[in-house]
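Each chain is listed here by its residues.
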Amino acid sequence: MSETLATPRRATTEWWRDAAIYQVYPRSFADADGDGTGDLDGVRSKLPYLRDLGIDAVWFTPWYPSPMADGGYDVEDYRAIDPMFGTLAQAEALITDALEYGIRTIIDIVPNHISSNHRWFQEALAAGPGSPERERFWFRDGRGDEPPNNWISEFGGTPWSRVVGPDGVPEQWYLHLFAAGQPDVNWGHPDVREEYEQILRFWFDRGVSGVRIDSAALLAKDAELPDLQPTHGPGGHPYIDREDLQEIYRSWRRIAESYGGDRALIGEIWLPDAERFARYLRPDVLHSAFNFDFLAAAWDADRLWSSIETTTRLHSAVGAPATWVLSNHDVTRPVTRYGRADTAFAFETKRFGTPTDLELGRRRARAAAMLAMALPGSYYLFQGEELGLPEVEDIPLDKLQDPMHGRSGGIDPGRDGCRVPLPWSGTEPPYGFSPRQVDTWLPQPKDWAAFTAEAQSADPQSMLSLYRMALLIRRTHPDLGDGPMARLDAGPGVIAFRRGASFACVTNLTDHAVELPPHDQVWLASAMHEGGRLPADATAWLRLAS
């Protein structure tokens, strides 16, 4: 048995340490007004479903006014709600109603960039080169007809677009690490810092419990905007993981703590260096951050355990809870990914026509969910994960909306395949997503009748039933959530660990059945088990023999 890992069990106000958090993509969750696009009243109507599922908090991807150049991550006004979703009053009512169900609200804030329709950017365009208005952004002269430097957009290609003046003559370039409709703001400017601090207060005043920080490692830039070099030392990259970020988030932490001890800052931080990642989780910086190493790991016992061990060790060192996540609005759904020859996730490898065995993927996705829920820390699930939805890979090309598809020259299918509206009931589209027959904003498959929440609720062997039971056990068992963990020796290809005195999780990643350790009871299993043996690609939760 290995040394004990992870942090002590949380205090009651520190809900983020062991919460089950459900990600809602508002356009695709539930449509109350019948226009084919999800909305806030649709979410309110499903609060009983979320309560019965057993989640503690809901994280909403951006619900602000937006031209939707990047699915809402191009924000025009942080103090309003996009009319397609509803109104600010409806958002406030949703936050209040959710709390009555015991569900906290986490909102998304996108501090690296805003929409090109934002008032600030429109003022900067009108004011012209050299104006104070342009200092809030990264406007620069080019190198002749070439961009100011050789940086690379997160969506591929150059992250620079050139402005054309009123006389039709090309003038300065502006930086956008994402789509052209998402100009980066300059965090060296006091207006930018003050604006985002006021945005935090605006939403904390309305009862929000947490803030998920998009692209949290990209805000700070080297003011000289130097060319990218083949290697950069820690903190030396011109726009990733710069030292300036620590003080930015310390100021945010002070604001969060001024509202009491139950407000959380949660970072989206993609960094290959685990030690650098952990710096963002020190006691005076962020409360939590997404663990993308675990999400991206292949279905392999050694690879997954390495991620688990490293994650728990580094989080324990700074007193922060680990997070475990299998999917979100940006990545291929687990049922599809785990059924492929390459079960790891990387944006660079997403391609049309990749073969997948959905039955195999479904078995592994069930096992992976139980593995993740048994680990110490918090668990995030993306809407539809609990239904076992596969990635939709045959969306007509003229219906795709994700800019990643266009900017890749049509090679990358983009992220729309995991964003298709949810199936709630019935046997044909829109499957109860909308109250009337309507074309949804992304088309739903015609073979999703078996995936609806209604159909799965009646099936004790369904993915939804598995999630409900697992989340119930996770919430009520005293040894689960945040707390200690110790590995058990269960042989090659098997991940097994103990939580507390008697709870054990065993995940079989081999291609054959394995013996379970001596136990008095099976709390739950992702697949049928016989004679004390756990089949391949399965997880069991046990009460160990006393």
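Please read all numbers here as calculations on a predicted model, not as lab measurements.

Colleague: Whenever I open this one, the side chain of Thr-311 confuses me. Can you help?
Modeller: If you trace the backbone, Thr-311 turns up in helix α9 (residues 301-317). Among the polar contacts made by the side chain of Thr-311, one reaches the main-chain carbonyl oxygen of Ser-307 at a distance of 2.7 Å.

Colleague: Explanation requested: empty space enclosed by the protein in the structure shown.
Modeller: Think of a ball as big as a water molecule: rolled over the atoms, this probe shows where empty space is left. Taken as a whole and judged by the stated rule, the model has 4 cavities of 30 Å³ or more. Space inside the largest cavity adds up to approximately 170 Å³. When the residues that make up the lining of the largest cavity are grouped by side-chain class, the tally is 5 nonpolar, 4 polar and 7 charged. There is about 50 Å³ of room inside the second largest cavity.

Colleague: What am I meant to see in the confidence of the model for the protein here?
Modeller: Low-pLDDT portions of the prediction should not be read for the details of their coordinates. Across the protein, pLDDT averages 94, with 98% of residues at or above 70. Confidence over residues 1-11 falls short of pLDDT 50; this stretch has 40 contacts with residues more than four positions distant or in other chains.

Colleague: Please explain the sheet that holds strand β6 (residues 170-175) as it appears in this structure.
Modeller: The strand order across the open sheet formed by 3 strands is β4-β6-β5, and the pairing between neighbours is antiparallel. The open sheet has two free edges, formed respectively by β4 (139-140) and β5 (160-164), since each of these has just one partner strand. Bridge analysis of β5 against β6 gives 4 bridges, and the strand direction is antiparallel. When the bridges of β6 are listed, Val-164 appears paired with Pro-170.

Colleague: When you look at the packing of aromatic side chains in this model, what are you seeing that I'm missing?
Modeller: Where two aromatic rings form a pair, the distance of their centres and the angle of their planes describe that pair. Scanning the entire structure with this criterion turns up 34 aromatic pairs. Look at Trp-59 and Phe-290: their rings are 5.2 Å apart centre to centre, the planes differ by 40°, and that puts the pair in the tilted class. In this pair, Trp-59 is assigned in strand β2 (residues 57-60) and Phe-290 in the loop between β9 (288-289) and α8 (292-296), connecting sequence segments 231 residues apart. Note on accessibility: Trp-59 and Phe-290 belong to one class, buried.

Colleague: Would you take a moment to explain the pairing of strand β14 (residues 503-508) for this structure?
Modeller: A regular strand places its side chains on the two faces of the sheet in alternate fashion. When you tally the buried positions in β14, you get 6 out of 6 residues, the bulk of the element. A two-sided burial pattern is seen for β14, the buried positions comprising Phe-503, Cys-505 and Thr-507 on one face and Ala-504, Val-506 and Asn-508 on the other. Inspection of the sheet shows strand β13 (residues 494-499) paired to β14 by 6 bridges, in the antiparallel sense. What sits directly across from Arg-499, in β14, is Phe-503. Connecting β13 to the next strand, β14, in antiparallel fashion are 3 residues, including Gly-500 with a positive phi near 70°. Of the strand pairs in this sheet, β14 and strand β18 (residues 538-544) are connected by 6 bridges, and their pairing is antiparallel. Each bridged residue has a counterpart across the sheet, and for Phe-503 the counterpart in β18 is Arg-543.

Reading the values: rules and limits
Residues numbered from 1 in each chain as written. Predicted model: local features only at pLDDT ≥ 70, side-chain atom pairs only at ≥ 80, totals over all residues. Heavy atoms only, no water. Helix = DSSP H or I, 4+ residues; strand = E, 2+ residues; numbered from the N terminus. Polar contact = N/O pair within 3.5 Å; in protein donor to acceptor, adjacent residues only side chain to side chain. 1 Å grid on protein atoms, 1.4 Å probe; cavity = no way out; pocket = protein on both sides within 12 Å on 5 of 7 lines; lining within 4 Å. Points joined across faces, edges and corners; volume = space filled by probe spheres on them. Nonpolar A, V, L, I, M, F, W, Y, C, P; charged D, E, K, R; others polar. pLDDT = per-residue confidence, 0-100. Contact = heavy atoms within 4.5 Å. Pairing = 2+ DSSP bridges. Phe/Tyr/Trp six-rings, centres within 6.5 Å; stacked < 30°, edge-to-face > 60°. Buried < 20%, exposed > 50% of the residue type's maximum accessible area, 1.4 Å probe, protein only.

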